[in-house]
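# Chain and residue survey
Chain residues, written in single-letter form:
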Amino acid sequence: RIPEKPALLFADRQLTYGELNTAADRVASRLIADGVRPGQIVGLWLPRGIDLLVMQLGIAKTGAAWLPFDADTPVDRIKVCLDDAESAGLVTVAQIDELGRRCWLSDELKAAHPGPLSHRHDARPADPAYVIYTSGSTGKPKGILINQGAICHFLRSENAVLGIREDDRVYQGFSVAFDMSFEEIWISYLVGATLWVAPKQIVGDPDALPQALQAHHVTVLHAVPTLLALFGTEVPSLRIINLGGEMCPDALVARFDRPGVEIFNTYGPTEATVSASLAQLTRDKPVTIGRPLPNYGMLVLDEQQQPVPQGQTGELCI
């Protein structure tokens, strides 16, 4: 719809939506020619930057699922996760023989024939979209598989409340191996916003990050409360702050609540697809996990799976 609009900004590189689409089609065409299909799982291991997001979108366009890894993940853990997922291979920057699996190199995929997406098989809602591996309570990595229908539904549902728009500039700081990155990346694609991909050295720096957000006119920040609490300065350009991943203290809301800024608190386990509930926060009311997202339902149940009376404790069922 808006091929000339900037989609990704990283360091001195910029990719428009048209360029991003063409680059991802090239990647997908090569992967499809090599037999990648919906229902399969493809590993994704690249450093932060535009190439990582192009490869992620290329895998998505094949209809297959991706299994993302942090840039600093040890090779032995990658092997354990790829084996457990029965992965078709790994998209990465260099051949890794000890994995015993196909490695597609990002430079070769980028240079693939730029033809149309031939022989593409459309993914169905029940097909896997991505797999996130948590550390697992037993110490063995535990894979959580989310299907296409669930993630597409979530993106539309959450943004019906958040209201991220085409004219927004969105901070991209989360690892793609953490599911809050979907709120940054894929809601932006959904509405045609521009993603500012922060360099690695800034992502964890509470002094440099707020200054960089302001310098790049970022309007939307998705963050964990711990990071926001460390900010040394305000960021006047922000209009939406979306918090999640851990408990949000009331004092943090009081500090950042001002006219022109909307602050949200999201809650939900990875298994329920990123988030399941959301609260709009203001300094004059206590922080809660809010209400279910549109088309979600939440109940507090007892051991017999019956709703508990108002004010009683039970298990949260999403």
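Scroll up for the structure.
Thresholds applied
- Residues numbered from 1 in each chain as written.
- Predicted model: local features only at pLDDT ≥ 70, side-chain atom pairs only at ≥ 80, totals over all residues.
- Heavy atoms only, no water.
- Axes fitted to C-alpha atoms, helices over the stretch in contact; angles between N-to-C directions.
- Helix = DSSP H or I, 4+ residues; strand = E, 2+ residues; numbered from the N terminus.
- Parallel < 35°, antiparallel > 145°, perpendicular 65-115°, else oblique.
- Left-handed = near helix turned anticlockwise from the far one by under 90°.
- Contact = heavy atoms within 4.5 Å.
- Nonpolar A, V, L, I, M, F, W, Y, C, P; charged D, E, K, R; others polar.
- 1 Å grid on protein atoms, 1.4 Å probe; cavity = no way out; pocket = protein on both sides within 12 Å on 5 of 7 lines; lining within 4 Å.
- Points joined across faces, edges and corners; volume = space filled by probe spheres on them.
- Salt bridge = Lys/Arg side-chain N within 4 Å of Asp/Glu carboxyl O.
- Core = buried A, V, L, I, M, F, W, Y, C linked by side-chain atoms within 4.5 Å.
- Buried < 20%, exposed > 50% of the residue type's maximum accessible area, 1.4 Å probe, protein only.
- Lys, Arg positive; Asp, Glu negative; His and termini not counted.
- Polar contact = N/O pair within 3.5 Å; in protein donor to acceptor, adjacent residues only side chain to side chain.
- Phe/Tyr/Trp six-rings, centres within 6.5 Å; stacked < 30°, edge-to-face > 60°.

## Topic: the packing of helix α2 (residues 50-62) against helix α6 (residues 181-191)
Axis separation between α2 and α6 bottoms out at 13 Å; the angle between their running directions is 65°. In terms of orientation, α2 and α6 fall into the roughly perpendicular class. The hand of the α2/α6 crossing is right-handed. Residue-level contacts link Leu 53, Gln 56, Leu 57 and Ala 60 of α2 to Ile 185, Trp 186 and Tyr 189 of α6. The residue makeup of the contact of α2 with α6, split by class, is six nonpolar, one polar and no charged.

## Comments concerning the layout of surface pockets
Roughly 630 Å³ of internal volume is contained in the largest pocket. Within the residue set of the lining of the largest pocket, elements represented by two or more residues are α1 (17-33), α2, β7 (128-134), α5 (148-162) and α6. Among the elements that line the lining of the largest pocket, the one with the most residues is α5, at five residues. Taken together, the residues that form the lining of the largest pocket break down as 17 nonpolar, three polar and five charged. As a volume, the second largest pocket reaches approximately 480 Å³. Surrounding the second largest pocket, 23 residues form its lining, Arg 48, Gly 173, Phe 174, Ser 175 and Val 203 being those nearest its centre. When its residues are assigned to classes, the lining of the second largest pocket shows 13 nonpolar, five polar and five charged.

## So, the pattern of salt bridges
Under the criterion given, the structure shown has 16 salt bridges. Put simply, Lys 110 and Asp 51 hold a salt bridge, and the shortest N to O gap is 3.0 Å. Within this pair, whereas Lys 110 is found in helix α4 (residues 106-110), its partner Asp 51 is found in helix α2, the two being separated by 59 residues in sequence. The residue Lys 79 makes a salt bridge to Asp 83 at a minimum N-O spacing of 2.8 Å.

## Digging into the nonpolar core
The biggest cluster of nonpolar side chains holds 56 residues, and the ones touching the most others in it are Leu 8, Val 91, Tyr 130, Ile 151 and Tyr 189. The element contributing the most residues to this core is α2, with seven residues. Leaving out residues up to four positions away in the same chain, Ile 151 has contacts with Ala 129, Tyr 130, Ile 146, Phe 182, Thr 273 and Val 274. Counting residues in hydrophobic clusters, the runner-up holds 29 residues, among them Leu 227, Val 235, Cys 248 and Ile 263.

## Observations regarding the side chain of Glu 183
Within the secondary structure, Glu 183 sits in helix α6. Buried and unpaired, Glu 183 has Arg 48 as its nearest opposite-charge partner, separated by 14 Å. There is a polar contact of 3.2 Å between the side chain of Glu 183 and the side chain of Asn 242. When near neighbours in sequence (up to four residues on either side) are disregarded, Glu 183 contacts Phe 154, Glu 158, Ser 188, His 222, Asn 242, Thr 266, Val 274 and Ser 275.

## Things to note about the packing of aromatic side chains
Counted by the stated rule, this structure contains eight aromatic pairs. Geometrically, the ring pair formed by Trp 186 and Tyr 189 is edge-to-face, given 5.1 Å between the ring centres and 75° between the ring planes. Pair noted here: Trp 186 and Tyr 189 are both in helix α6, with a separation of three residues, about one helical turn. Side by side, Trp 186 and Tyr 189 carry an identical accessibility label, which is buried. One aromatic cluster is present, formed by Tyr 17, Trp 66, Tyr 130, Phe 182, Trp 186 and Tyr 189 through successive ring pairs.

## Side note on empty space enclosed by the protein
Tallied over the entire structure, the rule returns one cavity of 30 Å³ or more. The calculated volume of the largest cavity comes to roughly 40 Å³. Looking at the largest cavity, the residues that line it are Glu 234, Val 235, Leu 238, Ile 241, Phe 256, Arg 258 and Val 261. Split into classes, the residues belonging to the lining of the largest cavity amount to five nonpolar, no polar and two charged.

## Overview of the packing of α1 against α2
Running from amino to carboxyl end, α1 crosses α2 at an angle of 55°, the nearest separation of the two axes being 7 Å. Looking at the two axes, α1 sits oblique to α2. Our pair here, α1 against α2, has a crossing hand that is right-handed. For the pair formed by α1 and α2, the contact residues are Leu 20, Asn 21, Ala 23, Ala 24, Asp 25, Val 27, Ala 28, Leu 31 and Ile 32 on the first element and Val 54, Met 55, Leu 57, Gly 58, Ile 59, Lys 61 and Thr 62 on the second. For the contact of α1 with α2, the per-class residue count stands at eleven nonpolar, three polar and two charged.

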